[in-house]
Structure formats: structure tokens, C-alpha cells
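An overview of the molecular structure
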Amino acid sequence: MTPARTLVLEDPTAEVAERLARTAGGGGHVALTGGSTPRVAYERAAALGADWSGATLWFGDDRCVPPDNEHSNYGMAKGALIDRLPEPPAAVHRIEGERGPDVGARAYEETLREAFGDGVPRLDLVLLGLGPDAHCASLFPRDEALTEQDRWAVGVNTPGMAPFVARVTLTLPVLNAAREVVFLVTGEDKAGAARRAFSGVADADAPASLVSPEEGSLTLVFDRSAASRLREPTEAP
Ligand code: 6PG
């Protein structure tokens, strides 16, 4: 486990776009996040002109809605990134949330098993966002999904934040097995959550604090507003 690297940048989405394109261009397994923050990073990643044809895309979580629903994380990533790539990725494994949280989670876990075998999947890059309640993926404060040790994906029936539709999420064992985890966090409304999540104390009230890759790197990419209440000194770019 290595300490987190904290970057406070004028242009955090450019940093994330480059990291996505680099790993995808190297034929890596990349897990995308949902929410509104990453959209611009996805658009910019697509515009970088990398060759994603060897990449495999996954999702850290999704809402239990059809892929063309406005709340679908896959739908957002499709429009902002996947459909803009000159060549399609080798594979795009979306979470079939429309099958419901339990069936959708089991199907996704099966897809992970087909790709990675029986050991815990080792994704090359997992991109995560941070909610104002310090959740990440669909791991909400004090939810039972936080204690899951065996399953790789689980259904979440009662998300702690809007949209209040059931979710499917990767679990902490998968997030913490990744080679690289990157959080993209922007905006004043995330400053309090960032302080709670990234102060170095693991706390089920702030689920993002439980993300700590065992043999991988953790990079926190902030704009100035989101970083304004961090306790730790931050690094220049
Ligand atoms: C989701 C997410 C979630 C998201 C945060 C931040 O499906 O809702 O994957 O974990 O990253 O809620 O979302 P915003 O970028 O919209 O603030």
C-alpha cells in the first residue's frame, strides 16, 4: 500500500483525460465512473487521439436503469467517450442495471470472472468520483456493501443520494486490487467530503476513505475549491 499522491491542478480534467488515454492506449482494463464530474474528462480523453482498440472498459458502478436512460453511467460514458473514439475499444463491459440490482451484480461478477479468472480482478485503472457524502462508486456511508469481502459486485437497493434508484457497484476488494486508482474531485461542494475522505483515517461514514489499493497507486486529482479544506499538504503538478 502506497500513500496517496495529491494533485491540485488548474485543469484537473486534462490530467485525468491523459491518464485514461495512456492506460487505454496501452491496452489496459479501465473502469469508468459515473456522475457529472467526469463527462468533460471523457470528452477530452476521446479528443486526445489515443488508440483505444486494445482497451477493455468496465464501470465502477451503475444505476439500475436501461442504458439509454438519462441516469445511466454507461449512457453518459457512451456519449462523452466511447462513441467519439476513432476505433471502438476491444470490449465494453457495461453493468446491466436494467436486470435489477441482484441479477445485474451477479451477471457483472460473472463477466469479471470470464475476463480475469478466479482471483480478484486486477483492473489497470479505476477512475472514481466523490459524492458530497464522501461516497464513491455506489458505496454509500455505512451501507452493508462496505463490508463485502467475497463478492466482486453487489446490488445496492437504497442509495444514499439521488438519483434514488437501485445500483450495482464494484466492491472494495476489487477497488483495492487495482493497479491504479484515481479520484477526480472538483468544486467547493466537495471540499468537506474530500477532507473527511482523504485525511488518512478509514471511516465507514466516508466510504472513499476505505479505498486504499493494496499493491497499487492512489492519486487524488483536485481543483483548488475541492482541495481547499484538505488537512494534508498538497503537491504541485
Ligand atoms: C454514481 C457515481 C458516483 C459519483 C459521485 C460523484 O453513479 O453516482 O459513480 O460515485 O462518482 O456521486 O458524482 P458527481 O460527479 O455527479 O458529483
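First things first, this report covers the structure right here in the doc. Since this is a predicted model, take the numbers as computed values, not measurements.

Quick notes on the rules
Residues numbered from 1 in each chain as written. Predicted model: local features only at pLDDT ≥ 70, side-chain atom pairs only at ≥ 80, totals over all residues. Heavy atoms only, no water. Pairing = 2+ DSSP bridges. Helix = DSSP H or I, 4+ residues; strand = E, 2+ residues; numbered from the N terminus. Contact = heavy atoms within 4.5 Å. Axes fitted to C-alpha atoms, helices over the stretch in contact; angles between N-to-C directions. Buried < 20%, exposed > 50% of the residue type's maximum accessible area, 1.4 Å probe, protein only. Core = buried A, V, L, I, M, F, W, Y, C linked by side-chain atoms within 4.5 Å. Salt bridge = Lys/Arg side-chain N within 4 Å of Asp/Glu carboxyl O. Near = heavy atom within 4 Å. Polar contact = N/O pair within 3.5 Å; in protein donor to acceptor, adjacent residues only side chain to side chain. Areas by Shrake-Rupley, 256 points an atom, 1.4 Å probe, with all protein chains shown as cover.

**Details of the sheet that holds strand β10 (residues 217–222)**
- Here we have seven strands laid out as an open sheet, ordered β1-β10-β9-β6-β2-β3-β5, and parallel in their pairing. This sheet does not close on itself; its edge strands, each paired only once, are β1 (5–8) and β5 (91–92).
- Of the strands in this sheet, β2 (29–32) and β3 (56–59) are in contact with helix α4 (residues 101–116), which crosses β3 at around 150 degrees.

**What to know about the pairing of strand β6 (residues 125–128)**
- Burial of β6 is two-sided: the residues Leu125 and Leu127 facing one way and the residues Val126 and Leu128 facing the other way are all buried.
- Two elements, β2 and β6, share two bridges in a ladder whose sense is parallel. Looking at the pairing, valine 30 lines up with leucine 125 of β6.
- Pairing of β6 with strand β9 (residues 180–185) involves three bridges; the strand directions are parallel. Across the sheet, residue leucine 127 finds its bridge partner in β9, namely valine 182.

**A short note on the nonpolar core**
- Ranked by internal contacts, the top residues of the largest apolar core, which has 74 residues, are Leu20, Phe183, Phe198 and Phe222.
- The dominant element in this core, judged by the number of residues it contributes, is β9, at five residues.
- Filtering out sequence-adjacent residues up to four positions away, phenylalanine 198 remains in contact with Leu130, Phe183, Val185, Ala208, Leu220 and Phe222.

**Observations regarding the pattern of salt bridges**
- For the structure on display, the rule yields 13 salt bridges.
- For arginine 84, the salt bridge identified is with glutamate 43, shortest N-O distance 3.7 Å. With arginine 84 in the loop between α3 (73–80) and β5 and glutamate 43 in helix α2 (residues 39–47), this residue pair connects regions lying 41 residues apart in the sequence.
- The class of glutamate 43 is partly exposed, set by a relative accessible area of 27%.
- One salt bridge connects glutamate 98 with arginine 94, and the closest N-O pair in it is separated by 2.6 Å.
- With relative accessibility at 37%, the residue glutamate 98 sits in the partly exposed group.
- Residue arginine 94 is classed as partly exposed on the basis of its relative accessible area, which comes to 22%.
- Connected through salt bridges with shared partners, the residues Glu109, Arg113, Asp118 and Arg151 form a single ionic network.

**Remarks on the site of the ligand**
- Every one of the 16 residues lining the ligand counts as a neighbour, but Ser36, Thr37, Asp61, Ala137 and Lys190 are closest to it.
- For the ligand, an oxygen atom lies 3.3 Å from a polar atom in the side chain of threonine 33.
- Taking lysine 190, its side chain carries an N or O atom lying 2.7 Å from an oxygen atom of the ligand.
- Coverage of the ligand by the protein chains reaches 89% of its 420 Å² of free accessible surface.

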